[in-house]
Amino acid sequence: MKSVLSFVKDIPVLFRTYISPQILSDIYQLIVVKGKRITKSFPVEVHVTEHCNLNCGGCNHFSCLAEEEYLEPQQFEKDIKRLRELTKDLFNIKILGGEPLLHPRVTDFFDIARKYFPYTPIQITTNGLLLTKQPEDFWINCRKNKITISISQYPVKLDRKDIKKSSKKHKVKIVYTGSTAKNRMCKIPLDLSGSQDMKKSFQKCAISWGCCVTLRDGRIYTCCFAAHIKFFNKYFNQNLAITDNDYVDIYRVTNKDEIINFLEKPFPFCRYCKTSQTKFAQSWSISKKEITEWIDR
Ligand code: SF4
Ligand code: SF4
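Nothing here was measured: the structure is a model prediction, and the numbers come from that model.

Looking only at helices and strands, the chain has 10 helices and 12 strands in total. For the chain, the residues scored as buried account for 37% of the 297 residues in total. Looking at the chain alone, contacts between residues at least 24 apart form 81% of all its contacts between residues at least 6 apart.

Written out as structure tokens, the structure reads:
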């Protein structure tokens, strides 16, 4: 038993590199024993672009509400360098948004992530709409940095043939996640009054166990909701509060265990989530930017 546990504790890098990123996230969410995570690392995702070219209704990252905004590679390098001081390996790194391919310097993020984490699986998560417009240099960089391209599917047309041709030519791994079915969306309704029980919300949450741990402005958030709520607040003139207890400041902690401990526990922002009323198989459509896309109708 002990040897099995120690194997799982540090899932080998090769395995993490070649398995589908979606399955990898699922595994990460599952490897919990008696409420304690037993891996020695944690995943991280980063918005390099806040806005999106698809603007799905009820986007969990609130990207359809965000204005045009790009992450500076220097800010990313500062934070990723600090994470490297705290841990020699991350479970995986996801570069996303919004739509990350809208960033004019998207490959800079690949170079930086690979520089500090030479063995960590790195992926870009994209809706794929701009993939066929990428220059040769993009594909060459993906190959050089061993970047997996993870395409989140939606009920929109993609030139899969052309994408396959480029990936084959440049030996870049492509994986498709999600579904092209119309009812592919999941909705966790927000409670604007913040009167939910945070522990119960966290326990019943489909994304609380590491599916979207987010690095943003030197802080680690457990989920995309807490990390990006400012776009919702601004657009709808709300005040779903983020306090100092809702994230870890990576410049204040002294080791990675403090981060892992934080990720295992509920935090105050969870009181805004009606996770017991999570709705799966919701219809996909372009956002009308109406608040009902995020709250109960
Ligand atoms: S493609 Fe993804 S990031 Fe863009 S709006 Fe849709 S769900 Fe949000
Ligand atoms: S804030 Fe808490 S309950 Fe809400 S989505 Fe994030 S982890 Fe889940």
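Structure's up, so let's keep going.
Our next topic: the site of ligand 1. Looking at ligand 1, there are 13 residues lining it, with Cys-52, Leu-54, Cys-56, Cys-59 and Asn-127 nearest. Tallied by class, the residues present in the shell around ligand 1 amount to 5 nonpolar, 7 polar and 1 charged.

When pLDDT is averaged across the chain, the result is 90; 87% of the residues are at 70 or more. Contacts from residues 1-7, a stretch scored under 50 in pLDDT, to residues over four places away or in other chains number 1 contact.

With that settled, the discussion passes to the nonpolar core. One finds Val-44, Ile-95, Ala-113 and Cys-223 to be the most contacted residues of the largest nonpolar core, which totals 66 residues. Broken down by element, this core gets its largest block of residues, 7 residues, from helix H9 (residues 224-236).

With that settled, consider the site of ligand 2. Taken together, 14 residues form the shell around ligand 2, and within it Cys-205, Ser-208, Cys-223, Cys-270 and Cys-273 come nearest. Put simply, the parts of the chain that give the shell around ligand 2 at least two residues each are helix H8 (198-203) and H9. Residue classes in the shell around ligand 2 are distributed as 10 nonpolar, 4 polar and no charged.

Not every positive phi belongs to a glycine, and Lys-171 is a case in point at roughly 55°. Overall, the presence of 9 C-beta atoms within 10 Å leaves Lys-171 in the exposed class. Positive phi values are uncommon outside glycine, yet Lys-289 reaches one of about 60°. The topology assignment puts Lys-289 in the segment after strand S12 (279-282).

As for its placement among the helices and strands, Cys-52 is situated in the loop between strand S3 (44-49) and helix H4 (73-86). Cys-52 sits in the buried class, given 22 other C-beta atoms within 10 Å. When the C-alpha positions of Cys-52 and Gly-98 are compared, they lie 4.4 Å apart, and in sequence the two are 46 residues distant. If we ignore the near neighbours within four places in the chain, the residues touching Cys-52 are Ser-63, Cys-64, Gly-97, Gly-98 and Glu-99.

If you check H4, its first and last C-alpha atoms are 20 Å apart, about what 14 residues at 1.5 Å a residue would give, namely 20 Å. Taken together, the buried positions of H4 are Asp-79, Ile-80 and Leu-83. Angularly, the buried residues of H4 cover 95° about the axis, an arc narrow enough to put them on a single face. The outward face of H4, more than 90 degrees from its buried face, is lined by the exposed residues Gln-74 and Lys-81.

Turning to the packing of H4 against helix H5 (residues 106-116), a few remarks are in order. Where H4 contacts H5, the axes come no closer than 9 Å and their chain directions differ by 15°. Considered as vectors, H4 and H5 are oriented roughly parallel to each other. Considering only the axes of H4 and H5, their crossing is right-handed. Each of Pro-73, Phe-76, Glu-77, Ile-80, Lys-81 and Arg-84 in H4 lies in contact with H5, whose residues at this interface are Asp-108, Phe-109, Ile-112, Ala-113 and Tyr-116. By residue class, the composition of the contact of H4 with H5 is 7 nonpolar, no polar and 4 charged.

How each quantity is defined
Residues numbered from 1 in each chain as written. Chains lettered and ligands numbered in written order. Predicted model: local features only at pLDDT ≥ 70, side-chain atom pairs only at ≥ 80, totals over all residues. Helix = DSSP H or I, 4+ residues; strand = E, 2+ residues; numbered from the N terminus. Buried ≥ 20, exposed ≤ 12 C-beta atoms within 10 Å, placed from the backbone. Contact = placed C-beta atoms within 7 Å. Near = placed C-beta within 6 Å. Nonpolar A, V, L, I, M, F, W, Y, C, P; charged D, E, K, R; others polar. pLDDT = per-residue confidence, 0-100. Core = buried A, V, L, I, M, F, W, Y, C linked by C-beta atoms within 7 Å. Expected span 1.5 Å × (residues − 1). Arc of directions from axis to C-beta. Axes fitted to C-alpha atoms, helices over the stretch in contact; angles between N-to-C directions. Parallel < 35°, antiparallel > 145°, perpendicular 65-115°, else oblique. Left-handed = near helix turned anticlockwise from the far one by under 90°.

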